[in-house]
Amino acid sequence: MQKKKIKIIFFGLGSAGQRHLKNLKNLNLNIEIYYYKKTKTNFIITNNLQKKNVNLLKKYNVTLLKTIGDIKKINPDIAFICNPSSEHTKYALICANLGCDLFIEKPISNNFENLKKLMKVVKKKKLVVSIGYQFLFHPLLQKLKYIIKYKKYGELQNGFVIMNENVKKYRKYGTYKDLLITQNKNGGGVLLEQSHDLNSLLWLMGAKPKLKNCFRYRDRSLHFDKGLEDSAQLCLSFQTKTTNRCKVYLLLSSNSDKKEKNISLFFSKARVNLDLIRNILEIEAINKKTTVKSNISRNDLFINEIKQFFVKIKKRIIDDVSAEQSLQTLNIILRAKKYKLQQI
């Protein structure tokens, strides 16, 4: 007897949504794909972020739904929430009430409105929820967590995390002013749109930090919406029952000529640097330097997170770790956004 196909509905098929769609298709799962959108306009975004005028729905055999009533009729099993973060909670709540397991792109939302209600439904219906922080599946980041947890190089004393990129080079179609990061109504700003690094740091440390300070900057020449930062610097203080207090500085910029994604941590017996662009972990201890490399590709990270999501669904592994950590990430971001924005 042929197994019943899993019904998956997408909200948002931009670059992130299309990547998940392509990966799902390549995994050869027994699925039917639906897409909720009020218009018929659709196109393909290539791997190098170029626009291709090919009918996305036809190419990937996706059925278009235009009303919430249509969604209820098909009764989907899984929802991929990949639209602007300002709409995440709205559609996640609709689907959770229908009993859908949820994959929500990062950040979980741009505010806390109705998030408590969503988590209550998730808990009541015992739904699987994953948030799209794919860097948590990087083997070198996992190795770094092991180093911290088991104090392989002594106590962690301090560190810094750097994320630099150029918003003007995000994609090769339209203009950067069309990007969500520049738009207030869609949950923009570098703190929300580039929340990977903060989330990774929380996961590494395994503790809730105190936000000691934050500087937010808006470069007028970039024309981000009023109130949105294109760069930010956060000072976070961490302490657990088994570790001393340490400070980690988080530096984010979407207006840099050099692309960087580094985590540098200083222990009592070594300095450890993780370069997530070059996929290299460097450990500089006394009289010894060790380099660990990984050949994992960026898309491998996305595939791994999707595979884990489906394992959790199959085995009905119900935990709120992903959602809880994402809520902590959002909480820090919203507190940071209360700091004065400096115009430059």
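Further up the page is the structure itself.
Since we're looking at a predicted model, the values are computed, not measured.

### Observations concerning the sheet that holds strand S2 (residues 31–36)
Logical step 1: Taken in spatial order, the 6 strands make up an open sheet running S5-S2-S1-S6-S7-S8, and their pairing is parallel. The open sheet has two edge strands with one neighbour each: strand S5 (62–65) and strand S8 (129–132). Neighbour to neighbour, the strand axes of the sheet diverge by 20° on average, direction disregarded.
Logical step 2: Two elements, strand S1 (residues 6–11) and strand S6 (residues 78–81), share 4 bridges in a ladder whose sense is parallel. Considered in S6, the bridge of Ile8 is made with Ile78.

### Observations regarding the side chain of Ser326
Logical step 1: Structurally, Ser326 is set in helix H10 (residues 321–336).
Logical step 2: When neighbours within four sequence positions are excluded, Ser326 is seen to be in contact with Ile108, Ile131, Tyr133 and Asn199.

### A few points about the packing of helix H8 (residues 196–205) against H10
To characterise two packed helices, one gives the angle between the axes of the helices and the distance between these axes.
Logical step 1: One way to put it is that H8 packs onto H10 with a least axis distance of 10 Å and a crossing angle of 125°. In this view, H8 runs oblique relative to H10, as classed from their interaxial angle. By crossing handedness, the relation of H8 to H10 is classed as right-handed. Along the contact surface, H8 presents Leu198, Asn199, Leu202 and Trp203, while H10 presents Gln325, Ser326, Gln328, Thr329, Ile332 and Ile333.
Logical step 2: Here the residues of the contact of H8 with H10 are counted per class, giving 5 nonpolar, 5 polar and no charged.

### Details of the side chain of Glu193
Logical step 1: Take Glu193: it is sitting in helix H7 (residues 190–193).
Logical step 2: In this view, Glu193 contacts Lys106, Leu180, Ile181, Gly187 and Gly188; residues no more than four positions away in its chain are not counted.

### Let's talk about the packing of aromatic side chains
Logical step 1: Going through the model one piece at a time under the given rule, you end up with 10 aromatic pairs.
Logical step 2: Ring centres of Phe10 and Phe80 lie 4.9 Å apart, and the angle between their planes is 20°; on these two criteria the pair is classed as stacked. Of this pair, Phe10 sits in strand S1 while Phe80 sits in strand S6, placing them 70 residues apart in sequence.
Logical step 3: Taken together, a centroid distance of 5.6 Å and an interplanar angle of 65° make the contact between Phe103 and Phe309 edge-to-face. Residue Phe103 is found in strand S7 (residues 101–105), and its partner Phe309 is found in helix H9 (residues 298–315); the two are separated by 206 residues along the sequence. For the residue pair Phe103 and Phe309, the accessibility class agrees, reading buried in each case.

### Things to note about the pattern of salt bridges
Logical step 1: Counted under the stated rule, the structure contains 10 salt bridges.
Logical step 2: Of the charged contacts, one joins Glu229 and Arg216 as a salt bridge, the two residues approaching to 3.0 Å between their closest N and O atoms. Linking Glu229 in the loop between strand S10 (210–218) and strand S11 (231–238) with Arg216 in strand S10, this pair joins segments that are 13 residues apart in sequence.
Logical step 3: For Glu229, a relative accessible area of 0% translates into the label buried.
Logical step 4: On the basis of relative accessible area, Arg216 is assigned to the buried category, the value being 4%.
Logical step 5: When the shortest N-O distance is used, the salt bridge between Lys337 and Glu229 registers 3.1 Å. Taken together, the residues span a long stretch of sequence, with Lys337 in the loop between H10 and strand S17 (341–343) and Glu229 in the loop between S10 and S11 at a distance of 108 residues.
Logical step 6: Overlapping salt bridges bring together Arg216, Glu229 and Lys337 as one network.

### Some details on the nonpolar core
Logical step 1: Within the largest apolar cluster, 83 residues are counted, with the highest numbers of intra-cluster contacts made by Ile9, Phe11, Leu102, Leu118, Leu234, Phe238 and Ile263.
Logical step 2: Discounting chain neighbours no more than four positions away, the residues touching Leu102 are Ala79, Ala92, Cys95, Ala96, Leu118, Val122, Val128, Val129, Ser130 and Phe309.
Logical step 3: Counting 22 residues, the second largest nonpolar core, distinct from the first, contains Leu57, Phe103, Val128 and Phe310.

### Considerations on the layout of surface pockets
Logical step 1: In this structure, the second largest pocket spans a volume of roughly 300 Å³.
Logical step 2: Lining the second largest pocket are 16 residues; nearest its centre among them are Leu136, Phe137, Gln308, Val321 and Ser322.
Logical step 3: At the level of secondary structure, the elements contributing two or more residues to the lining of the second largest pocket comprise S8, H8, H9 and H10.
Logical step 4: Among the elements that make up the lining of the second largest pocket, the one with the highest residue count is H10 (4 residues).
Logical step 5: Within the lining of the second largest pocket, the residues separate by chemical class into 7 nonpolar, 6 polar and 3 charged.

Definitions and limits used
- Residues numbered from 1 in each chain as written.
- Predicted model: local features only at pLDDT ≥ 70, side-chain atom pairs only at ≥ 80, totals over all residues.
- Heavy atoms only, no water.
- Pairing = 2+ DSSP bridges.
- Helix = DSSP H or I, 4+ residues; strand = E, 2+ residues; numbered from the N terminus.
- Axes fitted to C-alpha atoms, helices over the stretch in contact; angles between N-to-C directions.
- Contact = heavy atoms within 4.5 Å.
- Parallel < 35°, antiparallel > 145°, perpendicular 65-115°, else oblique.
- Left-handed = near helix turned anticlockwise from the far one by under 90°.
- Nonpolar A, V, L, I, M, F, W, Y, C, P; charged D, E, K, R; others polar.
- Phe/Tyr/Trp six-rings, centres within 6.5 Å; stacked < 30°, edge-to-face > 60°.
- Buried < 20%, exposed > 50% of the residue type's maximum accessible area, 1.4 Å probe, protein only.
- Salt bridge = Lys/Arg side-chain N within 4 Å of Asp/Glu carboxyl O.
- Core = buried A, V, L, I, M, F, W, Y, C linked by side-chain atoms within 4.5 Å.
- 1 Å grid on protein atoms, 1.4 Å probe; cavity = no way out; pocket = protein on both sides within 12 Å on 5 of 7 lines; lining within 4 Å.
- Points joined across faces, edges and corners; volume = space filled by probe spheres on them.

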